[in-house]
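Each chain is listed here by its residues.
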Amino acid sequence: MAQTSAEQMRAWKGHALFSFGFRPFFLFGAVWALLAMVLWLATLAGMVDLPSRFDPISWHAHEFLFGYLGAVLAGFLLTAVPNWTGRLPMVGWRLAALFCLWLAGRAVVLVSAALPAAVAPAVDLAFPLVLGALILREIVAGKNWRNLMVLGLLAVFTVANGLFHIEALSGDYAAQGTGLRLGLATGVMMIAVIGGRIIPSFTRNWLARTESPARPAPPMQRFDKAVLLFSFAVLALWVAQPVAQLTVVALIIMGVLHLARQLRWQGHRTLAEPLVWVLHAAYAFIPLGAIALGLDQIMGGSGAAGAQHLWMAGAIGSMTLAVMTRATLGHTGRALTANAATVAIYLCVFGSVVARLITSVWPEMSYVAGILWLAAFLGFALAYGPALLRPKPPVQP
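None of the values given here were measured: they were computed from a predicted structure.

Caption draft 1: Structural context of helix H9 (residues 245-263). The first and last C-alpha atoms of H9 sit 28 Å apart over 19 residues, in line with the 27 Å expected at 1.5 Å per residue. Taken as a whole, H9 has its buried residues at Thr247, Val248, Ala250, Leu251, Met254, Gly255, His258, Arg261 and Gln262. Projection of H9 onto a plane perpendicular to its axis shows the buried side chains occupying an angular sector of 165°, all on one side. The outward face of H9, more than 90 degrees from its buried face, is lined by the exposed residues Gln245, Leu246 and Leu263. At its buried positions, H9 is contacted by helix H7 (178-209), helix H8 (222-240), helix H10 (274-283), helix H11 (285-298) and helix H12 (304-331).

In structure tokens:
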């Protein structure tokens, strides 16, 4: 007889870390976001010379976008896909092996200057390729065709990582290259698609629980699909021609459409629950980033990197922390309530984004942005690490 998910997890006698996919990837993804920032700040201060084939800025961008986000995507997908397909989750030694493959990618990219040129790309790309193959197998076996879009986005994300490696090895400035833009655009689309499903749903559940008569618009209505299709086209245009006049206008329109989409979700009614309002606040960086990128080009294009960070650190950084905190509480048997430490994590990551924007006129604020980033991810590791490392408490009769 086939085991249920709960039976398979109970059958695993090893460490609780490998009893579910979100555990190792959420915890060590956050630890890597923390350590990579320490190395980046030390590099800025002239204290460290990174032994990587990437220039320091490109390494910094790559390890957040493809290293950190790659881990969070793995944790999310390995947890969500069993719910989507009704099939068993990956646990135990197979999960540990996949996690070690991600770790190996981080190590070889960091020390790639001491390795043959092909080693870092091969090892780094092996992780998303294996992850994609595993997810494809589950979707096909479970006949869960509606989520092939998410797998397609993962495939594009992997291609973007490969392009980043090619550009870096070719001597190009990969931090502003096509691979980075394609990876970032894919991350934005993932948030727009997945966030468009979960944010209205979680908002509806919370409003119903508090007996509020208000309700958000249902997810994925005709308007939502139109916004997503338009966003796909705009982001593709931005990847190919980031400074074209048509791109500038399209980015601003995209931002306005996402603001209109978000207003339909009743986020202003969720201020009493941080686990819900943080999702709305994180999503807001999608329209803000699009509008900022468009306006920056109109004003001369001198602040493109700062505007881009509204997507990179703002949308991706804050949304991943929002999802990781909520999912960890729910899947480890804790109450879905944000304590003071959780609120501090959210405020620190938002503060980091604001400080990063100010660096265009006050460069020293880059250290403030880095310190606030460290506080956010150290806070997650300290506040949520124990729950991720311990078995889920038994359900009380």
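Caption draft 2: Region of interest: the environment of Gly152. On the secondary structure map, Gly152 appears in helix H6 (residues 148-169). With a relative accessible area of 32%, Gly152 lands in the partly exposed category.

Caption draft 3: Focus on the nonpolar core. Judged by nonpolar contacts, the single largest core of 115 residues is most densely connected at Phe25, Leu65, Ile286, Trp311, Phe377 and Phe380. With near-sequence residues (within four places) excluded, Ile286 lies in contact with Val188, Ile191, Ala192, Met254, His258, Trp311 and Ala315.

Caption draft 4: Here's a closer look at unusual backbone geometry. With a phi angle near 55°, Met220 is a residue other than glycine that sits in the positive phi range. Exposure remark for Met220: the relative accessible area of 21% places this residue in the partly exposed category. Phi is positive for Gln266, close to 60°, though the residue is something other than glycine. Checked against the element boundaries, Gln266 lands in the loop between H9 and H10. Judged by its relative accessible area of 16%, Gln266 falls in the buried class.

Caption draft 5: Seen up close, a nonpolar patch on the surface. Taken together, the side chains of Val354, Leu357, Ile358, Val361 and Trp362 define a hydrophobic patch exposed on the protein surface, amounting to about 480 Å² of accessible area. Relative to the assigned elements, Val354 resides in helix H13 (residues 340-358). Take Val354: its relative accessible area is 47%, and that puts it in the partly exposed class.

Calculation criteria
Residues numbered from 1 in each chain as written. Predicted model: local features only at pLDDT ≥ 70, side-chain atom pairs only at ≥ 80, totals over all residues. Heavy atoms only, no water. Helix = DSSP H or I, 4+ residues; strand = E, 2+ residues; numbered from the N terminus. Expected span 1.5 Å × (residues − 1). Buried < 20%, exposed > 50% of the residue type's maximum accessible area, 1.4 Å probe, protein only. Arc of directions from axis to C-beta. Contact = heavy atoms within 4.5 Å. Core = buried A, V, L, I, M, F, W, Y, C linked by side-chain atoms within 4.5 Å. Patch = residues over 30% accessible without salt bridge, like charges linked within 9 Å, V, L, I, M, F, W, Y side chains within 5 Å. Areas by Shrake-Rupley, 256 points an atom, 1.4 Å probe, with all protein chains shown as cover. Salt bridge = Lys/Arg side-chain N within 4 Å of Asp/Glu carboxyl O.

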